[in-house]
Amino acid sequence: MRAHLDLEEQVPGVADDGVWLTCIECGETFAPFDAVRYTCDDCDGLLEVRYADLPTWEDFGGASTPESGPYGVWRYSDALPFESGVSLPEGGTPLHHVPRLEDEVGVRNLRVKHEGMNPTGSFKDRGMTVGVRVAQEVGVGRLACASTGNTSAALAAYGARGGMETLVLLPAGKVAAGKVAQASLHGARILEVDGNFDRCLDIVQDLAARGEVYLLNSLNPFRLEGQKTIGLEIMERFYADEGRYPDRIVLPVGNAGNTAALYKCFRELQRAGAIEASEVPKLTGVQAEHSAPMVEAVEEGWDEIQRWEEVETRATAIRIGNPVNAPKALPGIRETGGTAVAVSDEAITDAQRSLAESGVGVEPASAASLAGLRKLREQGRVDADEDVVCLTTGHLLKDPDAAYEAGSDPEPVPADTDAVLDHLADE
Ligand SMILES: *Cc1c(COP(=O)(O)O)cnc(C)c1O
Ligand SMILES: [Zn+2]
C-alpha cells in the first residue's frame, strides 16, 4: 500500500520547521535538509515533501488580493519549503483564451496555460528556482541533470544565477537546437551521451549516488514543489474568471513530474479545505504514440509502468521510455478520474500549427496536449460541457527546426516593389 499524502497527516520528529520528506512506498520519514537524498534510504521509493501546515486558499491569495504579492512561483511560498529562492523570476504565465479552438474542439471552456512564457521558455524554471535553493541549503556547489533539453536550459540559467557549476547530460542528436544553445551560453558543461534520455538519467543518478553532483531531475522531490504552483495558478486564475474550477487539465507526459506535481497540488488544496474532492480537475496525460509507457500502464490498469527501451517522436521533450515519476503520477490520473492518451506526430504538428494560428507559439511536446484533447473529444471521452485547461509546456523558439517544418516556406521575391506586388497578385 503506497503512503500517499494522508489528509490527516501526523508531524514526525524529523520535521524541520514543519517540513519533512516521506517515502511514498514505505512511509518512512526523513529530515529534509540534513543530507543529500533523492529516494528512500530503506526501499529506494520516491520521496515527497510534506508540510505540518498547509495554507488555506485565502493565504495563497485565492481572492486575488494585491497583498498576495506578484504572480509567480514565490507568491505561493506558504506552500513551499522556503520563502524565496534563486529567481529570474518564474511563473505567473498567461492562461490564454482561445475562442476559435474552443469552438472547433467543442468544449464549454478551453484555456491554454502557456508555460513557454517562463524565463528560459519552459515550466522547468519553476522547479529550478526551488531546487537550486535547496542545493544551497544542503551546501552542494555542483548541479547536474539528464535532459531532453529544457531541464538543461533551466538548470544552466538558474545555476549561473546562483553562481554554481552546472553539468548536463544530453542524448546526442536528439535535443532541439534552442535548448542546447541556452545550456551552452548560460555556461553549463554539456556532455553528449551516445544513448537516449533514459540512459543519460541512469548515468547522472550514478554520479549523484557517488556524491559527485547534486541531481536536479524531477526525481528530486523539491523540483516538483516548484512545479505544483502551475496548479495553484490555474486554479486561482480560472476561479477568478469563471467562479468555478476547471473540470480537466490536459498535459504532455514525459517523466510525469508535472502530472505528479499537479496531483500533489490538488491533494494539498483538499487537505487545507480549500477545495472539495469533487472540485479536483481530472488529470489527463498525453504521450506520443511511439513513446507511451504511461498510456500503456493506464490502459492496461497496471500499477507500474514497463520501461520502453526504444522510443521515438518529433516531440523530443517527451521522448522518454521510463517515466521516473510514474509511481506518483499513475494514482493521480486514476484517482482524479482522468485518463491518458497517445497521439501521432502528425496530430502533434497539426496541433502546434493550430495553436500558433491562435497566437500561441509552442514547441511540439506542448502541442501534444491539444492533440490529445482533440482525440478524446472525437472519441467522446471528453464531454462538450467540460471546462478544460491545456498545459503547453515550452516555447515555439525552443525547437526552430520543428517550427520551420510545420510552417510554410518563405517565398523569394526580387528587391523591387512592383515585383513584390506582382508576386502577391499571382496567388
Ligand atoms: C520536461 C517537458 C515535458 C515533460 O514533463 P514531465 O513533467 O517530465 O512529464 C513536456 N514538455 C516540455 C516542453 C518539457 O520541457
Ligand atoms: Zn521507503
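Let me begin by describing the structure that accompanies this report.

This paragraph deals with the coordination of the zinc ion (ligand 2). Reference geometry at the metal: tetrahedral coordination by four donors gives ideal angles of 109.5 degrees; octahedral coordination by six donors gives 90 or 180 degrees. Coordination of the zinc ion (ligand 2) by the protein is provided by Cys23 (SG), Cys26 (SG), Cys40 (SG) and Cys43 (SG), with metal-donor distances spanning 2.3 to 2.4 Å. If you look at the zinc ion (ligand 2), its four donor atoms make angles of 98 to 121° with each other, and the shape they trace is tetrahedral. Cysteine 26 sits in the partly exposed class, given a relative accessible area of 41%.

Here we take up a nonpolar patch on the surface. Together, Val413, Val420, Leu421 and Leu424 line one region of the surface with nonpolar side chains, adding up to about 330 Å² of accessible area. Structurally, the position occupied by leucine 424 is in helix H14 (residues 417–425). For leucine 424, a relative accessible area of 54% corresponds to the exposed category.

Here we take up the sheet that holds strand S13 (residues 387–392). Paired through their backbone hydrogen bonds, the strands of a sheet run either parallel or antiparallel. Read across the sheet, six strands follow the order S4-S5-S13-S10-S11-S12 without closing on themselves; strand pairing throughout is mixed. Each edge of the open sheet is held by one strand with a lone partner, namely strand S4 (95–97) and strand S12 (339–343). The average undirected angle you get between the axes of adjacent strands in this sheet is 25°. Where strand S5 (residues 109–114) meets S13, six bridges bridge the pair, whose relative direction is parallel. Looking across to S13, one finds that asparagine 109 is bridged to aspartate 387. Contacting S5, strand S10 (248–252), strand S11 (282–288), S12 and S13, helix H12 (residues 364–378) runs over the sheet at an angle of about 105° to S12.

Glancing now at helix H9 (residues 293–300). Within H9 the residues assigned to the buried category are Pro293, Met294, Val295, Ala297 and Val298. Residues of H9 that are buried make contact with S11, helix H10 (326–335) and S12. Note on H9: the residue one or two positions beyond its end, glycine 301, has a positive phi of about 75°.

Looking now at the sheet that holds strand S8 (residues 189–193). With parallel pairing, four strands are arranged side by side in an open sheet as S8-S7-S6-S9. Two strands close off the open sheet at either side, each with one partner strand: S8 and strand S9 (214–215). Pairing between strand S7 (residues 165–171) and S8: five bridges, direction parallel. Bridging from a neighbouring strand, leucine 169 pairs with leucine 191 of S8. Packed onto the sheet, helix H5 (residues 197–209) meets strand S6 (142–146), S7, S8 and S9 and runs at close to 150° relative to S7.

Relative to the helices and strands, aspartate 345 resides in helix H11 (residues 345–357). In sequence terms aspartate 345 and alanine 288 are 57 residues apart; their C-alpha atoms lie 6.7 Å from each other.

Looking now at H11. The end-to-end C-alpha separation of H11 is 18 Å, in line with the 18 Å expected for 13 residues at 1.5 Å each. Three or more residues of H11 are buried, namely Asp345, Ile348, Thr349, Ala351, Gln352, Ser354 and Leu355. Glycine 359 sits one or two positions beyond H11 and adopts a positive phi of about 90°.

Summed over all chains, the structure comprises 29 salt bridges. In this structure, the salt-bridge partner of arginine 199 is aspartate 202, at a minimum N-O distance of 2.9 Å. Of this pair, arginine 199 and aspartate 202 both sit in helix H5, separated by three residues, roughly a single helical turn. Relative accessible area serves as the criterion here: at 23%, aspartate 202 is assigned to the partly exposed category.

This part is about the nonpolar core. In summary, soluble globular proteins display a tendency toward joint burial of nonpolar side chains. Leu143, Tyr214 and Phe222 are the most contacted members of the largest nonpolar core, which has 55 residues in total. Of all the elements in the fold, those that place two or more residues in this core are strand S1 (19–23), strand S3 (47–51), helix H2 (124–138), S6, helix H3 (150–161), S7, H5 and S9. The element that contributes the greatest number of residues to this core is H2, accounting for six residues. When sequence neighbours within four positions are dropped, the list of residues in contact with tyrosine 214 reads Val36, Tyr38, Gly131, Val134, Ala135, Val138, Val140, Arg142, Leu143, Ala144, Asn220 and Phe222. Of all hydrophobic cores here, the second largest spans 29 residues; its members include Val112, Val341, Ala367 and Ala368.

The subject of this paragraph is the site of ligand 1. Lining the immediate environment of ligand 1, one finds 15 residues, of which Lys124, Asn150, Gly254, Asn255 and Thr393 sit closest. The contact in question runs from an oxygen atom of ligand 1 to an N or O atom on the backbone of glycine 254, over 2.7 Å. A distance of 2.8 Å separates an oxygen atom of ligand 1 from a polar backbone atom of alanine 256. Residues belonging to the shell around ligand 1 are distributed by class as follows: six nonpolar, seven polar and two charged.

A separate point is the packing of aromatic side chains. For the coordinates displayed, the defined rule picks out four aromatic pairs. The interplanar angle of 45° and the centroid separation of 5.7 Å between the aromatic rings of tyrosine 38 and tyrosine 214 together place this pair among those described as tilted. Linking tyrosine 38 in the loop between strand S2 (29–30) and S3 with tyrosine 214 in strand S9, this pair joins segments that are 176 residues apart in sequence. Each member of the pair, tyrosine 38 together with tyrosine 214, is buried. Through pairs of rings, three or more aromatic residues link up here, namely Phe33, Phe82 and Phe222.

The rules behind the values
Residues numbered from 1 in each chain as written. Chains lettered and ligands numbered in written order. Predicted model: local features only at pLDDT ≥ 70, side-chain atom pairs only at ≥ 80, totals over all residues. Heavy atoms only, no water. Donors = N, O, S within 2.8 Å, 3.2 Å for Na, K, Ca; no water. Tetrahedral: all angles 85-135°; square planar, octahedral: opposite > 155°, others 65-115°. Buried < 20%, exposed > 50% of the residue type's maximum accessible area, 1.4 Å probe, protein only. Patch = residues over 30% accessible without salt bridge, like charges linked within 9 Å, V, L, I, M, F, W, Y side chains within 5 Å. Areas by Shrake-Rupley, 256 points an atom, 1.4 Å probe, with all protein chains shown as cover. Salt bridge = Lys/Arg side-chain N within 4 Å of Asp/Glu carboxyl O. Helix = DSSP H or I, 4+ residues; strand = E, 2+ residues; numbered from the N terminus. Pairing = 2+ DSSP bridges. Axes fitted to C-alpha atoms, helices over the stretch in contact; angles between N-to-C directions. Contact = heavy atoms within 4.5 Å. Expected span 1.5 Å × (residues − 1). Core = buried A, V, L, I, M, F, W, Y, C linked by side-chain atoms within 4.5 Å. Near = heavy atom within 4 Å. Polar contact = N/O pair within 3.5 Å; in protein donor to acceptor, adjacent residues only side chain to side chain. Nonpolar A, V, L, I, M, F, W, Y, C, P; charged D, E, K, R; others polar. Phe/Tyr/Trp six-rings, centres within 6.5 Å; stacked < 30°, edge-to-face > 60°.

Worth remembering: the numbers are spatial, not functional.
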